[in-house]
Amino acid sequence: MALEQDQKRGIREHRKTLAIVTLVSLSSFQYGLDFGIIGGLQAMVGFLQVFGQKDPSVRLGWNIGSERQQLIASLMILGAFISSSTAGLTAKYFGRKMSLWIACFGVFVSTALMQATTYVGGLYAGRLIIGLSNGLLMTHAQLYIQECSPGRYRGFGISIFTFWVSVGTLIGTVIDNVTSKIQNRKAYIIPLGIVHVIPLILFVGLFFIPESPRWLAAHGKFDEAALALRRLRPTGWSVADELDEMKTTLAAEAQLQSSVGYLTLFKNPIDRRRTIISVLGLTSQAASGAMFVISYGTYFFEMANVGNAFENSCILTGVGVAALGFNALAITKLGRRRVMMMSGFVVCGLTQLIMAVIYTIEPGTTRTGKATVGLGVVYIVAYNAMISTYAWLSGGELASQRLRSHTFGLATAIGFFGAWLTTFTAPYFINTLELGWGPKYGYIWAGSCLVAGTWIFFHLPEVKGRRLEEIDEMFEARLPARMFSKYRCTGRHVALDEKPEVVHVENGSSNGGEQA
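Predicted, not measured: the structure shown is a model, and the values here were computed from it. Just so you know, the residues in each chain are numbered from 1, in the order the chain's sequence is written. Residue-level local features of this predicted model are given only where pLDDT is at least 70; pairs of side-chain atoms are given and counted only at 80 or more, and the full residue set underlies all totals for whole chains, interfaces and linings. Side-chain calculation: all heavy atoms of the structure are included, whereas hydrogens and water are not.

## Describing the pattern of salt bridges
- Salt bridges are counted wherever a side-chain nitrogen of Lys or Arg sits within 4 Å of a carboxyl oxygen of Asp or Glu. On inspection of all chains with the given rule, the structure shows twelve salt bridges.
- With its nearest N and O atoms 3.8 Å apart, the salt bridge here joins Arg-214 to Glu-242. With Arg-214 in helix 12 (residues 213–218) and Glu-242 in helix 14 (residues 239–256), this pair connects stretches of sequence that are 28 residues apart.
- Burial classification: accessible surface area is computed with a 1.4 Å probe over protein chains only, and a residue below 20% of its type maximum counts as buried, one above 50% as exposed, and the rest as partly exposed. In this structure Arg-214 comes out as buried when scored by relative accessible area, which is 4%. Put simply, DSSP H or I for four residues or longer makes a helix, DSSP E for two residues or longer makes a strand, and each gets a number counted from the N terminus.

Right under this line is the structure:
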């Protein structure tokens, strides 16, 4: 059994798979780098001279209107929403690797456009295209990691993925800090040039790794899936046993519903439950308000006149990287989804609330500014260590095998929509040219954290250390969320007690379901 194999082998035996997972996880580095760079550009004189306006009322002497600020940040997320929402279609026609190749090419084109243009329309186009590329990178990279990782190291793989997001953000912020002293276009052209590096490494590296075996199996390519497993698994691993479990799971899922498509996600109670939990689990990270801190941290610190905005932002991101590094090391032993996420939302909600209360009582003072920076550090530690990784994990691991592309694509798209909504509306609240709430914006996010934490307590199952096939078995048994952690899997699928079905499900359809 694959379960026995999984328990007997550690990191050393799985080093080949973990190295491949680390390569693919670099997709998120590009996403984080983009956020770090773009967030800093909006507080950079060289950038504001081209795309902003003079404003003697602020320390820089330059500012940017809220409309442009909204579009620069939100067009990327809009593009990511569009491409991630079509993950089921790209999975059908291209697979994981080809989708990642297409995304890398899109990054090259969009970044070159943003470097070359001096027109805001060109900048907007570049932001939209890089958003489309980032959506493919973030969706298909995580699907690949979840489908290729051994059950006990799936959390580790996704923690490395989220770790690279913060590392990328930190490096982008540091580069901005260095080039911000340049008083011409080179101030932002140089940071944008760095964006080309990681997609190039990923583009070349993809030639040397296999396609996802579970994607191949779901498309009926069992011989190719077996070859992929042999490349991923250590010597002595029973590939036949793992492949048989995939076939059994696909047969059980096909018995429940043979069609594959977006409508299928909600047709039967089991798929409907899994879809809702996956979507809400992933999008819970948007409920934390993290996009507000990530996208506008440098600008916010600059307008708050709290020391050096770039340095404060680097400190904030650096602490977040450390938190994610600790999480990557600890998640295999300590990574209980429910406990970590509930604790994270409590801390994030309290820090946002305290920040808002302090600013309400004593706005604009040096003491309030220092408190804002300190609470921001506590917030980002809690978010990175206890929410981010586990939210992404939930979105992918709780979906059914045959519908994973569609479910995770939908969850990611809605997550990006939540992020877009935050980045689009935040300027109205924090920009001094609009409402000028500043840290009082935290009142909204404190309430949002309370709602998210409550939902997790009642509805999110605990699946730490479980293989994807075991998770399928527990959902088919219709266990309540609180029973998942104690359930002993047998390898028996309830759906197969009635009648075995075919295992090739993603290329066929019935009942009018949309194929993918």
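## Remarks on the environment of Phe-163
- Within the secondary structure, Phe-163 sits in helix 9 (residues 154–179).
- Between the C-alpha atom of Phe-163 and that of Asn-327, which follows or precedes it by 164 residues, the distance is 8.7 Å.
- Contacts of Phe-163, omitting those with residues within four sequence positions, involve Val-321, Leu-324 and Gly-325. Note on contacts: a residue pair is in contact if any heavy atoms of the two residues lie within 4.5 Å.

## Points about the packing of aromatic side chains
- Centres within 6.5 Å make a pair out of two Phe, Tyr or Trp rings, where for Trp the six-membered ring is used; the pair is then stacked when the planes are under 30 degrees apart, edge-to-face when over 60, and tilted otherwise. Scanning the model with the defined rule gives 17 aromatic pairs in all.
- Aromatic side chains Phe-47 and Phe-51 sit 5.0 Å apart centroid to centroid with 45 degrees between the ring planes, which places their arrangement in the tilted category. Of this pair, Phe-47 and Phe-51 both sit in helix 4 (residues 45–51), separated by four residues, roughly a single helical turn. The exposure classification of Phe-47 matches that of Phe-51, with both residues buried.
- On the numbers, 6.4 Å between centres and 70 degrees between planes, the contact of Phe-161 with Trp-392 is edge-to-face. Highlighted residues: Phe-161 in helix 9 and Trp-392 in helix 19 (residues 366–397), separated in sequence by 231 residues. A single burial state applies to Phe-161 and to Trp-392, both of which are buried.
- One aromatic cluster in this structure is built from Trp-101, Phe-108, Phe-203 and Phe-207.
- A ring has a charge above it when a Lys NZ or an Arg CZ is no more than 6 Å from the ring centre and no more than 35 degrees off the ring normal. Over the ring of Phe-457 we find Arg-338, and its NZ or CZ is 5.9 Å from the ring centre.

## Focus: unusual backbone geometry
- The backbone phi angle of Arg-478 is positive, close to 60 degrees, even though this residue is not glycine.
- With respect to the element layout, Arg-478 can be found in the segment after helix 22 (468–476).

## Observations concerning the packing of helix 2 (residues 15–25) against helix 9
- Packing of helix 2 against helix 9 brings their axes to within 9 Å, and their N-to-C directions diverge by 30 degrees. If you check the angle between helix 2 and helix 9, you find them roughly parallel. Every pair of crossing elements has a handedness; the one defined by helix 2 and helix 9 is right-handed. Contacts from Leu-18, Val-21, Thr-22 and Ser-25 of helix 2 reach helix 9 at Phe-156, Gly-157, Ile-160, Phe-161 and Trp-164.
- Charged means Asp, Glu, Lys or Arg here, nonpolar means Ala, Val, Leu, Ile, Met, Phe, Trp, Tyr, Cys or Pro, and polar covers whatever is left, Gly included. A class-by-class count of the residues in the contact of helix 2 with helix 9 yields six nonpolar, three polar and no charged. To obtain each axis, a line is fitted to C-alpha atoms, and for helices this fit is confined to the stretch in contact; angles are then taken between N-to-C directions over 0 to 180 degrees. An angle below 35 degrees is read as roughly parallel, one above 145 as roughly antiparallel, one from 65 to 115 as roughly perpendicular, and any other as oblique. Whether a crossing is left-handed or right-handed is set by the direction in which the near helix is turned from the far one by less than a right angle, anticlockwise for left-handed and clockwise for right-handed.

## As for the confidence of the model for the protein
- Scored by pLDDT, the protein comes out at a mean of 82, with 87% of its residues at no less than 70.
- When mean pLDDT is compared element by element in the protein, helix 11 (residues 197–205) scores highest at 95, while helix 1 (residues 2–8) scores lowest at 54.
- Confidence scores here are pLDDT values: one per residue, from the predictor, ranging 0 to 100. This model gives residues 499–516 a pLDDT under 50, and the stretch forms 58 contacts once residues within four places in sequence are excluded.

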